[in-house]
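# Structural description and commentary
Residue-level listing of the chains:
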Amino acid sequence: MKTLILDCDGTVYQDLDFDLVYFEYILRNDARFELKHLHELCELIMQGEILRMNTQIQLPERHAQTIMELTDMLAHLEPVKVTLNNDPRFLYLGDLWAVLTLIGKCIGVDEVTAQKAFYHTRSWQLKHLEVNHALNDAIRRCNEKMTVCLLTNSPEDTAHDFIEKLGLTDAFSVILYDCHKPYGLMDAIKAYNPQILDDIENITMIGDHYYNDLFQFKALGATAIWMNPYPKIHRPNQIFELNSLKELTAYLNCLASGN
């Protein structure tokens, strides 16, 4: 293998509790829902209940006004065919952020509030990040043996602080920000080095969002590895997965050793 590509959020660090912070923000001026009810709903979803993760759905056109109505709405979502068409009517349920986006849209949260809630949550996450020295060492070992790329959809003004606090600013061959995955994923790679894609069988891509990170690489014949901390949710077909940062660290050490 010549190239290792890593997603950032949810892959080189994991945070499984930020939904509370997000919901608290969007409910500041909304008395229809209680924080604990939305959190409990979110927990059920990430335990494999209510709706089917790793599918693409069409967003509902109406808004729920009660937790019971919201739960029923989510339980009756119908999957649609997965494509790379950038259609705002559709949403791929690939991670916890997608679930928060879906719930926000189902209860009528406007785009401005949703964006502010995102940045508020990101600021909270940044304060709670911890350096994973074992993982960092494994990434650096890989970087000595191959090209190691870090890709993130976050703009540099927010992602750089995360990467710095994780102790990873010098751990990669290149860091690509604001990649607009999945639609701009290949363009981001080509802009850095188009020759990487000429040897697709020697690429390993690791990410926690199947559609954004892995879908295209897997279709082209690269090795795709899914970071999944939620073992009870619906899995994409025929995908190799890692469930924790400890497992990721072990895998990367094997790569660096040539095993």
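Through backbone hydrogen bonds, the strands of a sheet pair up, either in parallel or in antiparallel fashion. The strand order across the open sheet formed by three strands is β3-β2-β4, and the pairing between neighbours is antiparallel. Where the open sheet ends on each side, the last strands, each with one partner, are β3 (79-80) and β4 (90-92). In the sheet, strand β2 (residues 56-58) pairs with β3 via two bridges, with the strands oriented antiparallel. Bridged to Q56 within β3 is V80.

With that settled, the discussion passes to the sheet that holds strand β1 (residues 3-7). The strand order β6-β5-β1-β7-β8-β9 describes an open sheet built from six strands, whose pairing is parallel. Each of the sheet's edge strands pairs with one partner strand only, and the pair in question is β6 (174-176) and β9 (240-242). In this sheet, adjacent strand axes meet at a mean angle of 20° when their direction is disregarded. Note that strand β7 (residues 203-207) and strand β8 (residues 223-227) share four bridges and pair parallel. Bridging across to β8, T204 finds its partner in T223.

Cut-off values and rules
- Residues numbered from 1 in each chain as written.
- Predicted model: local features only at pLDDT ≥ 70, side-chain atom pairs only at ≥ 80, totals over all residues.
- Heavy atoms only, no water.
- Pairing = 2+ DSSP bridges.
- Helix = DSSP H or I, 4+ residues; strand = E, 2+ residues; numbered from the N terminus.
- Axes fitted to C-alpha atoms, helices over the stretch in contact; angles between N-to-C directions.

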